[in-house]
Amino acid sequence: MAETTQQEAGRGLWYGLAAYGMWGLFPLFWPLLEPGAADDILANRMVWSLVAVVLLLVAQRHWSWIRPLLRQPRRLAMLGGAAAVISINWGVYIWGVNAGHVVETSLGYFINPLVTIAFGVLVLKERLRVAQWAAVGIGALAVAVLTVGYGRLPWIALTLAFSFATYGLLKKKVGLSGLESLAAESAFMFPFALGYLIYLEVSGRGTFGHTVAGSYGWGHSGLLLLSGVITAVPLLCFGAAAVRVPLTVLGLLQYLAPVFQFLIGVAVFHESMPPARWAGFSLVWAALAMLTWDALRRVRTDRARRAAALARPVADAPADGTPVADAPAPATTR
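Nothing here was measured: the structure is a model prediction, and the numbers come from that model.

## A short note on the packing of aromatic side chains
As enumerated under the stated definition, the model contains 19 aromatic pairs in all. Centroid distance Y20 to F238: 6.1 Å. Interplanar angle 85°. Geometry classified as edge-to-face. Taken as a pair, Y20 in helix α1 (residues 2-29) and F238 in helix α9 (residues 218-242) lie far apart in primary sequence, 218 residues in all. Given the relative accessible area of 11%, Y20 is considered buried. For F238, a relative accessible area of 26% puts it in the partly exposed group. Consider the rings of F262 and W285, whose centres lie 5.4 Å apart with planes at 90°: the pair is edge-to-face. Highlighted residues: F262 in helix α11 (residues 256-268) and W285 in helix α12 (residues 275-315), separated in sequence by 23 residues. Taking relative accessible area as the criterion, F262 reaches 6% and is therefore assigned buried. We classify W285 as partly exposed; its relative accessible area is 30%. An aromatic cluster is defined as three or more aromatic residues linked by ring pairs; in this entry it consists of F110, F262, W278, F281 and W285. Here the guanidinium or amino end of R45 rests over the ring plane of W90, the centre of that ring lying 3.9 Å away.

## A short note on the pattern of salt bridges
Enumeration according to the criterion identifies four salt bridges in this entry. Between D39 and R205 there is a salt bridge, and its shortest N-O distance comes to 2.7 Å. Taken together, the positions of D39 in helix α2 (residues 38-60) and R205 in the loop between α8 (178-203) and α9 put the pair 166 residues apart, joining distant regions of the chain. Overall, the relative accessible area of 40% leaves R205 in the partly exposed class. Of the charged contacts, one joins E104 and R152 as a salt bridge, the two residues approaching to 2.7 Å between their closest N and O atoms. Taken together, the residues E104 in helix α5 (residues 102-122) and R152 in the loop between α6 (130-150) and α7 (155-174) connect sequence positions 48 residues apart.

## Some remarks on a nonpolar patch on the surface
On the surface, L25, L28, V259, F260, L263, V268 and F269 cluster together to form a nonpolar patch covering roughly 550 Å² of accessible area. Looking at the nonpolar patch, the elements with two or more residues in it are α1 and α11. For the nonpolar patch, the leading source of residues is α11, giving four residues. Looking at where L263 falls in the secondary structure, it is placed in helix α11.

## Brief notes about α7
Taking 1.5 Å of rise per residue, 20 residues should cover 28 Å, and α7 covers 28 Å from first to last C-alpha, within 8% of that figure. Along α7, the positions that sit buried rather than exposed are I156, A157, L158, L160, A161, S163, A165, Y167, L169, L170 and V174. Contacts made by the buried residues of α7 are with α4 (73-98), α5, α6 and α8. A positive phi of about 75° marks G175, the residue just after α7.

## Comments concerning the environment of V245
Locating V245 in the fold gives a position in the loop between α9 and α10 (247-253). Sequence spacing of V245 and L13 is 232 residues, and the spatial spacing of their C-alpha atoms is 6.6 Å. With residues up to four places along the chain from it excluded, the contact list for V245 reads A9, G12, L13 and L250.

## Comments concerning the nonpolar core
Membership of the largest hydrophobic core comes to 46 residues, with the highest contact counts inside it found for W30, V53, W65, W90 and Y93. Taken together, the elements giving at least two residues each to this core come down to α1, α2, α4, α5, α7, α8 and α9. In terms of residue count, the dominant contributor to this core is α4 (11 residues). Once residues within four sequence positions are removed from consideration, W65 is found in contact with L57, L176, E180, A183 and A184.

## Some words on the packing of α5 against α7
In contact at an axis separation of 7 Å, α5 and α7 are set at 45° when each is read in the N-to-C sense. If you check the angle between α5 and α7, you find them oblique. Note that α5 runs across α7; the crossing there is right-handed. Two secondary-structure elements touch here, α5 through E104, T105, L107, G108, Y109, I111, N112, V115, T116 and F119 and α7 through W155, I156, A157, L158, L160, A161, F162, F164, A165, T166 and L169. Of the residues that constitute the contact of α5 with α7, the class distribution is 15 nonpolar, five polar and one charged.

Rules used in this analysis
Residues numbered from 1 in each chain as written. Predicted model: local features only at pLDDT ≥ 70, side-chain atom pairs only at ≥ 80, totals over all residues. Heavy atoms only, no water. Phe/Tyr/Trp six-rings, centres within 6.5 Å; stacked < 30°, edge-to-face > 60°. Helix = DSSP H or I, 4+ residues; strand = E, 2+ residues; numbered from the N terminus. Buried < 20%, exposed > 50% of the residue type's maximum accessible area, 1.4 Å probe, protein only. Lys NZ or Arg CZ within 6 Å of the ring centre and 35° of its normal. Salt bridge = Lys/Arg side-chain N within 4 Å of Asp/Glu carboxyl O. Patch = residues over 30% accessible without salt bridge, like charges linked within 9 Å, V, L, I, M, F, W, Y side chains within 5 Å. Areas by Shrake-Rupley, 256 points an atom, 1.4 Å probe, with all protein chains shown as cover. Expected span 1.5 Å × (residues − 1). Contact = heavy atoms within 4.5 Å. Core = buried A, V, L, I, M, F, W, Y, C linked by side-chain atoms within 4.5 Å. Axes fitted to C-alpha atoms, helices over the stretch in contact; angles between N-to-C directions. Parallel < 35°, antiparallel > 145°, perpendicular 65-115°, else oblique. Left-handed = near helix turned anticlockwise from the far one by under 90°. Nonpolar A, V, L, I, M, F, W, Y, C, P; charged D, E, K, R; others polar.

Written out as C-alpha cells, the structure reads:
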C-alpha cells in the first residue's frame, strides 16, 4: 500500500510539472498565431476551448454535475463572473506576450500569491501571520520600485494578478473541478466569442479559415484550433496532480510557470532588464521566499502536533494492554 501511494505521488509530481511547465511555455505559442490580433486569438481560444472540453467530457462520460449546477442560480452567477474575469486575464496575457511584455506578464503571476493573500484578509476576513504580513508589505514595495523602473504603473502585471486572484476566489466559492469549471466558463463565453468571430469575419479582420500569400496559410487556422487543446490539457494534468500530491507541493510548483515565462522573456525575446527592474523582481522573489518558508514551517508544525496527538493515547494506555476508548485512527496518505 505504501509503495502504491508513493508511486501515485510520483505520478502526481510529474503531472504537476507537466501542467505548470506547459503554462510556463505559453509565451512561445501565442506569437505563432500572429498576424492574428489579440482579440481574434482570444475569441478563437474561447470557442475552441469549449469544443475541446466537450470532447473530453464525452470521452469520460462525465455529465452528472451539470443538472445539479443548473438548479443553483448563485453558483451559475459566480461562474459567469469567473468567465468574465478569466476572459480579461486571457486577453491581457495574450496581448502582453505578443506586444513584447513577457517579463511583465511573468511578474503578474509572481505577485498573484501576494494578491490572493490580500484578498483572504479583505474578503474572507482571514488572519495573517507575521511572515505573511511582511511578504505582502515587501510585495507592495516591489510594485512601487517597479513603477519607478518602468516609468509607469506595471498595469499588465497588476491586471493579471488581480484578475487571476479574483478568478481563484470565485472558483473557491463555486467548488467545481478544473475540467468542470472550464466547461461551464467556456459555455458562458462561447456565444459572445462566436458572435465576435462572426463580427471579425464580416468586417474583414478575421484570420481563421483564411490564407494570405506570403503571410499565413492553413497552418495558422490549425494553430487557432490547437489553442483550445492547449487550454484544456494543462488543466487535466493539474487536476491529476491535485489529487495525488499535497497542496504544499502544488504551491511550490506554481512558481515554475512564471519562472519559465521570465526566462523566456529575458533569454528568448531579449527584453530589457535595467537595474530598477532587477531590484523590483528581487523584492518579489524575497517576498515569495518568505511565504514559502512560512508555509513549510506551518506544515512541519501541524505534522508535529498531529503526531503528538496520535502518540498521546498510546502513552496514556493502561499497562495491562487494555485499549483506550475513542483513540484516533492513524492518518492515511492520499
